[in-house]
Amino acid sequence: MQDERTHWLEMLMTTHGSAILRFCALQLKDVKLAEDAAQEVFLKAWKARDGFQGRSSERTWLYRIAINTCRDYQRTGWFRWVDRRITPEDLLHRGQEECRFDSLPVTQAVQTLPPKWRTAVYLRYCEGMKLADVASLQGVSQATVKRRLAKAAAMLREKLKGWYDE
Amino acid sequence: MNKLGNQLREELSLINWTQRDQNAVLRRIQEGEDPMKNNSRRSIGLILAAALLVMTVSAIAASMLFTPRHDAGRLADDALLSQYGITPKMMTLFHRDIVENEDGSATVVYEALEPDVRQGQNPIGMYTVTVADGKATAAWTLEGQDTSGGLSAQAWGAEQLTLYVEDYANTRHFMRENGLLAEEYEIGAIPSYEDWLAQQETRQAEVLAAASISLADARQYAKAALVESYRMTETQQNLLYQLEGEYDQTTYDMLNGRPVIHLYYHLSQGEEWTEMDGIYVVTVNLQSGAVEEIIYDSGLAGNG
């Protein structure tokens, strides 16, 4: 039973790990913090597996957990108490090429948006989710999502003027 | 927006979930870690500070001051509940506006945030509550219309609003399947975010110049008001939080000449929505410290 469960989690992480990590990175603006958050998303998924009723897709379910986890991290000071659990193995690998947001102009511009707009932009444009799914994940109407996307687009057009006109 | 999506995807593709991440998760599971224990490093000092805060808040709550405007809002909400069965949870579907009249009475208007939810007709309508001499009387623009027949009823009463709020996704799915849902919404002119920020800064300066109490005091009064008004338990008080830094949602306003601050509090008691979870907007008068208004938004549908 445990093996089956572990196999399920491994499949989940292989399939959705990068997408969830990128979402967390966009939200938290810190790759290391995002790694912690993404790991926590999968730990929570593991813990809550029995409660997953299959009413939504696994992807949608994971994003629901990720949105809540990032929101918790965004609470001021919360992450100060997070046990990062850095092991010697981690330290060895931390030397690998680190992602710097200042070399990613569009990502950086999206990160200046209010968190809810940022979530909508990522889910809609990066993940290609349907408007109805984004609305359901954010717990709002489609009209609200449309408004958020429209406002985000207006702001991004302003911030990325040169890039948009290319 | 495909250009944006493609570029964002390309840039973020530099960030990848690795075997190391995967191993870290599996290791934490093997060690039997409860993910919720991550914040177990909170010190005893922090716990004591939280307990002290609860005590202070309770002390302030005992001498809390609410303005007639706040009372009018509360009485109007109660009137909607008793006359039409509109619960606090459903308030997320409305925008509430309190108009203070010269004779001391108040007119409280509840407008639907999604009047165009249904194809071709506004089934939610508008509620107006008149509050005078401590009494509130509500009226509905769709008074007398038939509310039976589920979501295709002539007018939506408490039955339909309950469905819409509590089972939002399925309700909309059903409406779509039955050709009831208005698929396209008109999006009005979008003001520039920078303009809005600039406007906020100007207003904030004007409001703070007229303030007599500190922002720290305003926050204490706001929290005490929530505890008093909603009978929050100690656990709920400790879970109540405000977003800070760049996520701060605080806004400033002049309310009929009175400088006020709108403070946003969030309550989330677990993964799933629990009774009283949502956003509370507390408006505090920065001259008297009195609470002018509290708006509760369950965030369940329509206005998250």
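Calculation criteria
- Residues numbered from 1 in each chain as written.
- Chains lettered and ligands numbered in written order.
- Predicted model: local features only at pLDDT ≥ 70, side-chain atom pairs only at ≥ 80, totals over all residues.
- Heavy atoms only, no water.
- Helix = DSSP H or I, 4+ residues; strand = E, 2+ residues; numbered from the N terminus.
- Buried < 20%, exposed > 50% of the residue type's maximum accessible area, 1.4 Å probe, protein only.
- Contact = heavy atoms within 4.5 Å.
- Areas by Shrake-Rupley, 256 points an atom, 1.4 Å probe, with all protein chains shown as cover.
- Core = buried A, V, L, I, M, F, W, Y, C linked by side-chain atoms within 4.5 Å.
- Domains from an automatic or database assignment.
- Phe/Tyr/Trp six-rings, centres within 6.5 Å; stacked < 30°, edge-to-face > 60°.
- Lys NZ or Arg CZ within 6 Å of the ring centre and 35° of its normal.

1. Some thoughts on the overall build of chain A
Here comes step 1: Helix and strand counts for chain A come out as nine helices and zero strands.
Here comes step 2: Counting from the amino terminus, helix and strand elements in chain A follow one another as α-α-α-α-α-α-α-α-α.
Here comes step 3: Scored against the burial criterion, the 166 residues of chain A give a buried share of 58%.
Here comes step 4: Residue pairs in contact within chain A that sit at least 24 positions apart in sequence constitute 66% of those at least 6 positions apart.
Here comes step 5: Summing over all exposed atoms, chain A offers an accessible surface of approximately 7,600 Å²; the carbon and sulfur share of this is 49%.

2. A look at the nonpolar core
Here comes step 1: Within the largest apolar cluster, 63 residues are counted, with the highest numbers of intra-cluster contacts made by L9, I20, F42, Y63, V110, V121 and Y122 of chain A.
Here comes step 2: For this core, the leading source of residues is helix α1 (residues 2-28) of chain A, giving 12 residues.
Here comes step 3: Of the domains in this structure, domain 1 (1-99) and domain 2 (101-166) of chain A are the two that each give at least three residues to this core.
Here comes step 4: Here F42 of chain A is in contact with L9, L12, M13, H16, G17, I20 and L62 of chain A together with W17 and V25 of chain B, once residues within four sequence places are set aside.
Here comes step 5: Judged by nonpolar contacts, the second largest core, of 34 residues, contains A76, I98, V108 and I124 of chain B.

3. Quick look at the packing of aromatic side chains
Centre distance and the angle of the planes are the two values used to describe a pair of aromatic rings.
Here comes step 1: Counted according to the given criterion, the structure contains 13 aromatic pairs over all chains.
Here comes step 2: Where Y127 of chain B meets W140 of chain B, the ring centres are 5.3 Å apart and the plane angle is 5°; that geometry is what we call stacked. On the criterion of sequence distance, the pair formed by Y127 of chain B in strand β3 (residues 126-132) and W140 of chain B in strand β4 (residues 135-140) is long-range, its members being 13 residues apart.
Here comes step 3: A residue is classified by how much of its surface remains accessible, and Y127 of chain B, at 1% relative accessible area, is buried.
Here comes step 4: Their ring planes at 40° and their centres at 4.8 Å tell us that Y280 of chain B and Y296 of chain B sit as a pair that is tilted. Of this pair, Y280 of chain B sits in strand β7 (residues 278-285) while Y296 of chain B sits in strand β8 (residues 291-297), and the two are 16 residues apart along the sequence.
Here comes step 5: Site record: aromatic cluster; members linked through ring pairs are Y84, F94, Y127 and W140 of chain B.
Here comes step 6: Cation over ring: R5 of chain A sits above W46 of chain A, and NZ or CZ is 4.7 Å from the ring centre.
Here comes step 7: The ring of Y230 of chain B carries R74 of chain B above its face, with NZ or CZ at 5.1 Å from the centroid.

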